[in-house]
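Below are the chains, spelled out letter by letter.
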Amino acid sequence: MDFVLSGTAACGACLFTNPLEVVKTRMQLQGELKSRGTYQVYYRNVFHAFYTIGKVDGVAGLQKGLVPGLVYQFFMNGVRLGSYAIIESSGYIHTDGKVSAAKSLVAGAVAGVVGAYMGSPIYLVKTHLQSQATSTIAVGHQYKHRGMVHALAAIHKEHGIMGLWRGSSAAIPRVSVGSAAQLYTFSASKELVTDLQLFAEGSWLIALSAGMVSSVAVVLAMTPFDVVSTRLYNQPVDHLGKGKLYQGFSDCFSKTLKKEGLTGLYKGLGASYFRLGPHTILSLLFWNELRKLYQKYS
């Protein structure tokens, strides 16, 4: 049941934050491997990107990739948060009644690795669909998928089953780092807020406050890995399924840093927070409250 509750909570958050994921993806692909000032800027900031996509691609353009987004959130976060919930319930992350930083980080990272690997094919398709745009505002490589099922079938037909896991070399460090930062700071912040007695015992405001702290930590830790992940997933490939721009995670990381500087690894930081911030807060809040309800009535 922990897996179902976790997946449901993540899907609830995804419904609100998917437009921000579209904006984030576009901003991370903009000016790929080009020095500042040498490429056309279609999206000046988060708000301009919202306006531009809505104007050119229509309101539906802001919800591109929603179906794979929901599927990805249900399975990836179902496994990730569900695994962490089981580890937490077993008492592993606590030492002398307090949250252990080392144990919580390890538990969050392990849960993230498992979830990321299982959800990688869907994330690949989601990235392809969300990068698709009208030619006048297109950034990154443009795939011609007609939807999630068509994309999965086309990739499998052309590159085989392993083609569906292309880019997972970036997804695993991305989610493991983000998961470790998110779940440790959430557990530790929730414990701190409870000890300070800022809110009534069992109040949903405890989880909300902890989620707000966690959202900042996860964005700062995860954004460079997120940029690399987006680019690896979206890059064009040859007939053997090998990337034409990057050979893997370290190659993409070093090329981006060399061509675009440190700011290149933090492209779309504002969009990342506007997307990951609310998503982290909502998913952790829903997750916490659904678990409380289940424990109360089970």
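Note that the structure is a prediction, hence the values are computed from the model and not measured.

A look at the overall build of the protein chain
Secondary structure summary: the protein chain contains 10 helices and two strands in total. In terms of C-alpha radius of gyration, the protein chain reaches 19 Å, essentially the compact-globule figure of 19 Å for 298 residues. Here the C-alpha coordinates of the protein chain stretch approximately 55 × 40 × 35 Å along the principal axes. Going through the 298 residues of the protein chain one by one, you find that 53% of them count as buried. Partitioning the intrachain contacts of the protein chain with sequence separation of at least 6 by distance along the chain shows that 79% fall at a separation of at least 24. Here the protein chain has roughly 13,400 Å² of accessible surface; of this, 66% comes from carbon and sulfur atoms. Distance from the positive charge centre (28 side chains) to the negative charge centre (15 side chains) of the protein chain: 10 Å.

Here's the deal with the nonpolar core
For soluble globular proteins, nonpolar side chains are generally found buried alongside one another. Tyr 72, Val 125, Ile 155, Val 175 and Tyr 233 are the most contacted members of the largest nonpolar core, which has 15 residues in total. At six residues, helix α4 (residues 101-131) tops the list of elements feeding residues into this core. Excluding residues that lie within four positions of it along the chain, Val 175 makes contacts with Tyr 72, Met 76, Arg 80, Gly 112 and Ala 116.

With respect to unusual backbone geometry
Of note in this structure, Asp 96 is not a glycine but carries a positive phi near 55 degrees. Looking at the element boundaries, Asp 96 is found in the loop between β1 (94-95) and β2 (98-99). Owing to a relative accessible area of 78%, Asp 96 belongs among the exposed residues under this scheme. A positive phi is found at Gln 197, a non-glycine position, where the angle reads about 55 degrees. Turning to its location among the elements, Gln 197 is positioned in the loop between α6 (168-196) and α7 (204-234).

Here's the deal with the packing of aromatic side chains
In total, this model carries 10 aromatic pairs according to the counting rule given. Consider the rings of Phe 47 and Phe 274, whose centres lie 5.6 Å apart with planes at 70 degrees: the pair is edge-to-face. Residue Phe 47 is located in helix α2 (residues 46-56), and its partner Phe 274 is located in helix α10 (residues 269-297); the two are separated by 227 residues in the primary sequence. Pairing Phe 225 with Phe 249 gives two aromatic rings, centres 5.9 Å apart and planes at 10 degrees, and the pair type is stacked. On the criterion of sequence distance, the pair formed by Phe 225 in helix α7 and Phe 249 in helix α8 (residues 249-260) is long-range, its members being 24 residues apart. An aromatic cluster is built from Tyr 72, Tyr 123 and Tyr 233, whose rings are joined through pairwise contacts. Against the face of Tyr 123 rests Lys 126, its NZ or CZ located 4.3 Å from the ring centre. The ring of Trp 287 carries Arg 291 above its face, with NZ or CZ at 4.8 Å from the centroid.

Notes on the state of the cysteines
Using the criterion set out here, one finds zero disulfides in the structure. We note that Cys 14 lacks a disulfide partner, and the nearest cysteine sulfur, in Cys 11, lies 6.6 Å from it. Assessed through its relative accessible area of 4%, Cys 14 is described here as buried.

A look at the layout of surface pockets
One number sums up the size of the largest pocket: a volume of about 430 Å³. Looking at the largest pocket, it is lined by 18 residues, and the ones nearest its centre are Glu 88, Lys 190, Thr 194, Asn 288 and Lys 292. For the second largest pocket, the calculated volume is near 300 Å³. In terms of lining, the second largest pocket is formed by 16 residues, of which the most central are Gln 30, Arg 36, Tyr 39, Thr 263 and Lys 267. For the lining of the second largest pocket, the residue count by class is five nonpolar, six polar and five charged.

So, empty space enclosed by the protein
All told, the structure shown has two cavities of 30 Å³ or more when counted by the stated rule. Put simply, the largest cavity is a space of about 180 Å³. If you go around the largest cavity, you meet 20 residues; those closest to its centre are Met 76, Arg 80, Met 222, Arg 275 and Leu 276. At the level of elements, α3 (66-89), α4, α6, α7 and α10 are the ones that each hand at least two residues to the lining of the largest cavity. Put simply, the second largest cavity is a space of about 40 Å³. Residue lining of the second largest cavity: Cys 14, Thr 17, Asn 18, Glu 21, Gly 69, Gln 73, Lys 126 and Arg 275, and that is the complete set. Where the lining of the second largest cavity is concerned, the elements lending two or more residues are α1 (2-29) and α3. Tallying contributions element by element places α1 first for the lining of the second largest cavity, with four residues.

The rules behind these values
- Residues numbered from 1 in each chain as written.
- Predicted model: local features only at pLDDT ≥ 70, side-chain atom pairs only at ≥ 80, totals over all residues.
- Heavy atoms only, no water.
- Helix = DSSP H or I, 4+ residues; strand = E, 2+ residues; numbered from the N terminus.
- Rg over C-alpha atoms; globule rule 2.2 N^0.38 Å.
- Buried < 20%, exposed > 50% of the residue type's maximum accessible area, 1.4 Å probe, protein only.
- Contact = heavy atoms within 4.5 Å.
- Areas by Shrake-Rupley, 256 points an atom, 1.4 Å probe, with all protein chains shown as cover.
- Lys, Arg positive; Asp, Glu negative; His and termini not counted.
- Charge placed at Lys NZ, Arg CZ, Asp CG, Glu CD.
- Core = buried A, V, L, I, M, F, W, Y, C linked by side-chain atoms within 4.5 Å.
- Phe/Tyr/Trp six-rings, centres within 6.5 Å; stacked < 30°, edge-to-face > 60°.
- Lys NZ or Arg CZ within 6 Å of the ring centre and 35° of its normal.
- Disulfide = S-S within 2.5 Å.
- 1 Å grid on protein atoms, 1.4 Å probe; cavity = no way out; pocket = protein on both sides within 12 Å on 5 of 7 lines; lining within 4 Å.
- Points joined across faces, edges and corners; volume = space filled by probe spheres on them.
- Nonpolar A, V, L, I, M, F, W, Y, C, P; charged D, E, K, R; others polar.

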